[in-house]
Structure formats: structure tokens, C-alpha cells
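Take a look at the letters that make up each chain.
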Amino acid sequence: MTFEDWFRTDRLPHIYCAGCGNGTIINCTLSAVDQMGWEKEKTVFVSGIGCSSRAPGYIVTDSLHTTHGRALAFATGVKLADPALRVVVFTGDGDLAAIGGNHFIHACRRNIDLTVVCMNNQIYGMTGGQGSPTTPMGCLSTTTPYGSDEPSFDLCELAIAAGANYVARWTSYHVKELEKAVKAGLDTPGFSFVEAMTQCPTNFGRRNKFKQVADQVEYLKAHALLKAKRDRMIGQGEKVPDDAFVVGELMRRNRPAMGVKE
Amino acid sequence: MTKLEFWQGNTACAEGALAAGCRFFGGYPITPSTEVAEHMAVKLPKMNGVFVQMEDEIAGIAAIIGASWTGVRAMTATSGPGFSLMMENIGYAAMTETPCVIVNIQRGGPSTGQPTMAAQGDMLQCRFGSHGDYSVIALCPASVQEMYELTAKAFDLADRYRVPVFLMADEIVGHMRERIRVPDKVGQTPRRELEKGVLPFQPDADLVPGFATFGKGHGVHVTGLTHDERGYPCATNPGVHAALVRRLVDKVENARAAIADYDIINPDAEQVFIAYGAPVRTVQQVLHDRPDGMIGFLRLRTVWPFPEHAIRAFSQAKVFFVPELNMGQIAREIERHVEVPVVSLPKLGGDLHTPPELLAALEAHR
């Protein structure tokens, strides 16, 4: 099998805009799921609301497309009620970090056996480009027309602080690394959080001086700073650039977890 | 065989749920419902069930909806403020036709109001609280015995009609202690599983689709978006939306007579009380004190869908009296169905009506 066998083909074509990175992230995730050898019958995809959350609708397994921000609470119910089911959650920066922030913190704390893939495009794409908790300071959106003046969230640091067993960040450029990270997350008991930075040409790129889709992917590539390199820079007293974000495996541990099938 | 117990209403509620096969509770502590959660926390882990205290009531109902899709009978319990928080996901349960039971031990509102005092102020919220049109089932117990029996019944109704079912109790019934006969066994009607080859949201003749339990190979897509019979989003087709919403309403409203649970006492009376929940107790006392058969009583256990046909049993009625622990929420519903005067008898603050108060109302309208 390949990742293509996991698609609900009668639902295609999808609703994503030309140049959107979400498809890349879905492919990476399904490749990882496929490599795990999971049964379709026993795999469930759960999501909230937003562009990211439309993903389960295109996947052939049982899937639960829920309310805005609440995917992790629904997924907690599914997983605790039947730990034999493998549960993967697709979410986005607005869904997870704004309206769903409290559920995110507590799912990490419970360290419940889910794998969460967050498509972070730093904007509300579905509603037309409003600022989100991960919109970088200074960036333009329809609700930050003079540039965002709020500091943005580091979702991986949040997941680590709240207790997740596995935390990694990559981008839509780093497809092989992303796929491996998702697979490591699927393979780790407890809460696994994989953040995938991705381009939104329609609503982020065009308002923030990225003329081509490739320009934004190029930006993600250029500003992704490997964790090992970042640690080395700090060790040597070098300044880490303000606009860089750390990528790589940021946490792997074995805290007590909930919902793990015995 | 039955055994006699002396239980609190909230304990009886939890025990009724367990007897009905409830094996998942997700919730958040709130007065005056907390004893339901506490009892489930003690019992469920020993019965191969799951108790989980969620981070808020929004998560509580989300968790039971998720659990329900794995085929388990699932419940939450709350009171006013938590009930308000649940509203969006109650609409999600209605739209996705997810069986679940929501217990509301009502307290005085609005807002934080009176955490330890009884009210019936959420009777319209349970019917209309989430956005959009849909229909639900609401049951109102008036005794510890009924806390047990109606909670158990709520699970059968939820599975039968695939809707959220509300146990709309109040602080008085939830916290009172009285004798209860506990049956050995509670009859359970299992959820109707989706047959192979049938679409997951394709209704049967009763307008209720078979249930596509997760993990059984159905590959069902469940969404709160307007969806077709495959479960696929279809949110801009007016015909699909209209047909879906009408079905969600009709599957419950068409079954009004089958769902209705009530007692008719003295149907030839000219003066008739209609009550549900704790005020039933005061009306019963009035009837006990005036055993002349001159006072009629429609005593409702089902409030939604409203059993309007039951009112017609009182063909001689010249006036209906509706004592409620709110400003007349169900009195207004009754007015829609009768030609004669409806006298709303609101009681706010947490106390029950006294028998003399109800007798005074009868005198005033003689």
C-alpha cells in the first residue's frame, strides 16, 4: 500500500487552493500511517474547524470532523472509550492555539495517546485571512491591517511545557523529515505533537510580499534552524536570529500516558 | 426481585445510568450535579468503564460524543453555567445524530445565580439552546425513583432516535433522599447498527439511520457541516440542507406519542394542573388533601417533544394552572395548544410552591 490507498477518492478534488501546503502535510502523514502498517478499520482521524480540519473528509477511515477548537476533546473520548483505535488529529494554528488552547494544554498534560499534526500557516485561511496566535509580529492580515502587534505563540514549547511525550517541528519543504517525525509520533505512546509550518499563498503570502508560492516555501526553508545548530549557537554565545524558528525533534520522553492499549 | 435503598437523587441518577449500560462519563464538577460525577468516578473503573474529568463542560460533552461513536453508552452531568457552555456541541450531537445523555441538575440562574438552590430555568434552553433548528428529547423526574428510571430510559431513547436526551432534573430532586426500589435489571434496547450496503446517513422508514460504529469498517465521515446521506459535506445545496434539518426535527416530532410519558389524573375536572419535576410534589400534596376528584392533573415526565395530545384528555377543562420554578417557560408552550386560560404560577428563588399557594390560585379562578 501507499499513502494514496488512504484517500476517499470519491471526495476528490479537494477544496484547497492552488499552492496550499496542506496536501503535502496530509501526504506525509498518510505515508507515515501507511508505513506503520495500521489497519484502516482501526484508525480514526479527528479534526476541528478550518482548512487543516477538512483533511479527514478526504481519508477513507472513520473520521470525525468536529467543532472549532474541540478536536482534542472529542479525540480524547474516542481514544479512552476504545484504546484499540489509533487516533490521529489534524488541526491548525487557529483551531489549536486560539479557541482550542485549553484542550491542547490538557491533552498534553494527560499525555493521552494521540498523534496531533498541526498545519501552522500562521493565518485563518478558511475565513479569509485573519490574524492568528501564530501570526508573526509585523505581519499583515485582514485583522492586523497595520501589522500584528501581538507576540506569537511557540506551539512546540507549549506542548513540551504541558507534558507531551513527543514534539517535533518541520515545514512543508522538509517532506522526508516531516514524514519521519509523524511516524516517530505515531510510534510513541502518549501525546505526540508534530507542527508543520506551511504556506498559505491565498491569505498569508499575498499580503506579506510573497509573490510566488515558492517564495514562501523558500522563506520557510531559509528560516528553519536545526535544533542541533540552534543549541550549538547558544552554546557558543552566538545570537539566534529573531525571525528563525527551530526545527527537528524537540522532545522525546516517556512520561506516564493515558489511553495506551495494553 | 427488587431491593430497597435509601438514596440521594443524584446517586440514583448515576445508578440508573450504570444499570442501563452507561460505561463512559466525561464531565466537569459543578454544583448541584457533582454527586453524579463522583458516583460515576467510584463505580465506572470497577465496571470496565471510563470516567474522565475534562477541563471544562465543552470538553465534557465533546468527550462523550467521541466516545459514543465507538458504540459505548455515554453521559455527562452538569448545571446551568456548564449547560450553557455545552450548547454548541449539543447542536453538533443533534446534527451528527450522536446518541448521548446530558443530565442537568438545574439551579437558579441567570449566570452563577443560586448554585445550591433549585430552578427549572433551562427548560427552553434544552430545547432551543443551540443555533439552528433541530429537536431533542427531555425528561423530568420528580422523585429519587424517577431519577433512576428516567436516566435509564434516557439511554434507550438516545439510541432509538439518535439524539441528545436531557434529564432535566433540579436541585430539589437531585439532592433529596428517599426510598427507592432498585430493580435487578433494566431492560436495554441496543442501538441499531448500520447494515452493510446502506449509506451511513440514509434513514430508515422511521427517519432514523442505522449507526455506523467506529472501528467496524464502515469508514464513516461524521461532520457538523450539512451533509448528504454518505455523510459528505454538502453545505451550499439548499435542498440537501432543508431535507436534512426537516428530518432531524421530524424523526423526533413524529414520534411524539411514542416518546410521551405522563399521567392523567381526574380527566373530567374543570380545574387542571400541569406540572413536571419538583413542583409535581406540591400538586400531589394538593390532590391528596382534596380527594374529591375535582382537581385534574397532567403530570409530565416527558416535556420535549411536548406531549400536546395529552392535554386533550381534559375535555371539560376551563383553566390550566402551571406551577413552575421559572417565569412560565412551559406555560407558554401550553398556551399554544389550548383555547381556555392558562395560568402561569412562577416560583423563583429556590423554594417549592406550598400547597396553600396552589389552593389560593384555584380559589382565585373558581
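Everything quoted here is computed from the prediction, not taken from an experiment.

Conventions adopted
- Residues numbered from 1 in each chain as written.
- Chains lettered and ligands numbered in written order.
- Predicted model: local features only at pLDDT ≥ 70, side-chain atom pairs only at ≥ 80, totals over all residues.
- Helix = DSSP H or I, 4+ residues; strand = E, 2+ residues; numbered from the N terminus.
- Buried ≥ 20, exposed ≤ 12 C-beta atoms within 10 Å, placed from the backbone.
- Contact = placed C-beta atoms within 7 Å.
- Pairing = 2+ DSSP bridges.
- Axes fitted to C-alpha atoms, helices over the stretch in contact; angles between N-to-C directions.
- Arc of directions from axis to C-beta.
- Nonpolar A, V, L, I, M, F, W, Y, C, P; charged D, E, K, R; others polar.
- Domains from an automatic or database assignment.

Now, about the overall build of chain A: what can you tell me, with residues and values included?
For chain A, the count of helices and strands is eight helices and eight strands. In terms of principal-axis extent, the alpha carbons of chain A reach across some 50 × 45 × 35 Å. Burial status across chain A gives 54% buried among its 262 residues. Look at the contacts in chain A between residues 6 or more apart in sequence, and 66% of them connect residues 24 or more apart.

If you had to explain the sheet that holds strand β11 (residues 262-265) of chain B to someone new, which residues and values would you point to?
All names here are of chain B. Spatial ordering of the open sheet is given by β11-β13-β12-β15-β16, a layout of five strands whose pairing is mixed. The open sheet has two edge strands with one neighbour each: β11 and β16 (342-346). Across the sheet, the mean angle from the axis of one strand to that of its neighbour is 15 degrees, orientation sign disregarded.

Describe the sheet that holds strand β8 (residues 245-252) of chain A, listing the residues and the values that go with them.
To summarise the sheet geometry, strands pair through backbone hydrogen bonds and adopt either a parallel or an antiparallel arrangement. Taken in spatial order, the nine strands make up an open sheet running β7(A)-β8(A)-β5(A)-β6(A)-β4(A)-β3(A)-β1(A)-β2(A)-β10(B), and their pairing is mixed. Each edge of the sheet is formed by a strand with only one pairing partner; in this case those strands are β7 (224-226) of chain A together with β10 (221-223) of chain B. Strand-to-strand, the axes of this sheet are offset by a mean angle of 20 degrees, without reference to chain direction. Bridge analysis of strand β1 (residues 43-47) of chain A against strand β2 (residues 62-65) of chain A gives four bridges, and the strand direction is parallel. In the sheet register, V46 of chain A faces β2 of chain A, and the bridge partner there is L64 of chain A.

Please set out helix α10 (residues 279-289) of chain B residue by residue, giving values where relevant.
Residues and elements named next belong to chain B. Buried residues of α10: P279, V280, T282, V283, V286 and L287, and no others. An end-on view of α10 places all buried positions within 160 degrees of arc, on one side of the element. The outward face of α10, more than 90 degrees from its buried face, is lined by the exposed residues H288 and D289. At its buried positions, α10 is contacted by β11, β12 (271-276), β13 (295-300), β15 (319-324) and α13 (355-364).

Break down the interface of chain B and chain A for me, with residues and values.
Taken residue by residue, the interface counts 34 residues in chain B and 28 residues in chain A. Breaking the side of chain B that touches chain A down by element, the ones donating at least two residues are β2 (22-27), β3 (50-53), α3 (57-68), α4 (80-96) and β10 of chain B. For the side of chain B that touches chain A, the class distribution of residues is 20 nonpolar, eleven polar and three charged.

Describe the domain arrangement of chain B, listing the residues and the values that go with them.
All names here are of chain B. Its domain assignment divides chain B into domain 1 (2-183) and domain 2 (263-364). Taken over C-alpha atoms, the centre of domain 1 sits 26 Å from the centre of domain 2. Between domain 1 and domain 2, the residue contacts involve 25 residues of the former and 19 residues of the latter. Going through the elements one at a time, β6 (114-118), α5 (125-128), β7 (137-139), α6 (144-161), β8 (164-170) and α7 (171-175) are the ones with two or more residues in the side of domain 1 that touches domain 2.

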